[in-house]
Amino acid sequence: MDDSTGTTAGDQGPQLRAVGVTIDCADPARIADFWQAAIGFSTRVGNGRPYITLSEADGGRMLNHLTIQRVPEAKTAKLRAHLDLFTRDMDNEVARLVALGATVLVPAATETAGHLGFRATVMADPEGSEFCVVSR
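**Q** Please explain the sheet that holds strand E1 (residues 19–25) as it appears in this structure.
**A** A sheet is described by the order of its strands in space; here 4 strands give the open sequence E1-E4-E3-E2, paired in mixed fashion. Looking along the sheet, the strands with just one partner apiece sit at the ends: E1 and strand E2 (43–45). Direction aside, the axes of adjacent strands within the sheet are offset by 20 degrees on average. The sheet contact formed by strand E3 (residues 51–55) and strand E4 (residues 63–70) spans 5 bridges and is antiparallel. Counted as the bridge partner of Tyr51 is Gln69 from E4. Sheet strands in contact with helix H1 (residues 28–39) are E1, E2, E3 and E4, and its direction is about 160 degrees off that of E4.

Next up, the structure:
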């Protein structure tokens, strides 16, 4: 191992194959119910003490799994990282997520596209964790 870089001579670069995200919350079952319905993951493992992990049996998504983790402290500030969920139908997806218990924090602008030509609706899950629904 090369002490200055932490790599070995034969490294071919990153060998990462999947992305998993963990969301802290007070009520893992409630938040897992929301995210399972929102994203459509079919596999659910764990009882919320302290984890529930949502995934797809075949691993065919870019987001490999979403873990919901019980923590003792309440959310006190805006998250510094969040999920961006992409759709072709912003209005219907936002309405569907609101029906599942999400809240719209900042509606998408209708007249202009934002960053890289996308529009985004900023939302929060039932415990207030922010995420965006994004479309062109």
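**Q** So what exactly am I meant to see when it comes to the packing of H1 against helix H2 (residues 90–100) here?
**A** The description of two packed helices rests on the angle between their axes and on the distance between the axes. Where H1 meets H2, the closest approach of the two axes is 10 Å, and the angle between their N-to-C directions is 155 degrees. In terms of orientation, H1 and H2 fall into the roughly antiparallel class. H2 is crossed by H1, and the crossing has right-handed handedness. Contacts between H1 and H2 pair Phe34, Ala37 and Ala38 from the former with Arg96, Leu97 and Leu100 from the latter. The residue inventory of the contact of H1 with H2, partitioned by class, reads 5 nonpolar, no polar and 1 charged.

**Q** Hey, could you run me through the nonpolar core in this one?
**A** Side chains of a nonpolar character, in soluble globular proteins, are inclined to be buried together. Membership of the largest hydrophobic core comes to 23 residues, with the highest contact counts inside it found for Trp35, Leu66, Ile68, Leu97 and Phe131. Listed by contribution, the elements that provide at least two residues to this core are E1, H1, E3, E4, H2 and strand E8 (130–135). If sequence neighbours within four positions are ignored, Phe131 has contacts with Phe34, Trp35, His82, Leu83, Leu85, Leu97, Ala102, Thr121, Val122, Met123, Ala124 and Asp125.

**Q** Even after reading the chapter, I still don't get the packing of aromatic side chains, so can you show me in this structure?
**A** Where two aromatic rings form a pair, the distance of their centres and the angle of their planes describe that pair. Counting across every chain of the model gives 4 aromatic pairs. With 4.9 Å between their ring centres and 70 degrees between their planes, Trp35 and Phe131 make a pair best called edge-to-face. Taken together, the residues span a long stretch of sequence, with Trp35 in helix H1 and Phe131 in strand E8 at a distance of 96 residues. For Phe131, a relative accessible area of 1% translates into the label buried. When the centroid spacing of 5.6 Å and the interplanar angle of 75 degrees are considered together, the rings of Phe86 and Phe118 count as edge-to-face. Here Phe86 is found in strand E5 (residues 83–86), whereas its partner Phe118 is found in the loop between strand E6 (103–106) and strand E7 (119–124), with 32 residues between them in sequence.

Scoring rules and cut-offs
Residues numbered from 1 in each chain as written. Predicted model: local features only at pLDDT ≥ 70, side-chain atom pairs only at ≥ 80, totals over all residues. Heavy atoms only, no water. Pairing = 2+ DSSP bridges. Helix = DSSP H or I, 4+ residues; strand = E, 2+ residues; numbered from the N terminus. Axes fitted to C-alpha atoms, helices over the stretch in contact; angles between N-to-C directions. Contact = heavy atoms within 4.5 Å. Parallel < 35°, antiparallel > 145°, perpendicular 65-115°, else oblique. Left-handed = near helix turned anticlockwise from the far one by under 90°. Nonpolar A, V, L, I, M, F, W, Y, C, P; charged D, E, K, R; others polar. Core = buried A, V, L, I, M, F, W, Y, C linked by side-chain atoms within 4.5 Å. Buried < 20%, exposed > 50% of the residue type's maximum accessible area, 1.4 Å probe, protein only. Phe/Tyr/Trp six-rings, centres within 6.5 Å; stacked < 30°, edge-to-face > 60°.

All we've got here are geometric facts, nothing functional implied.
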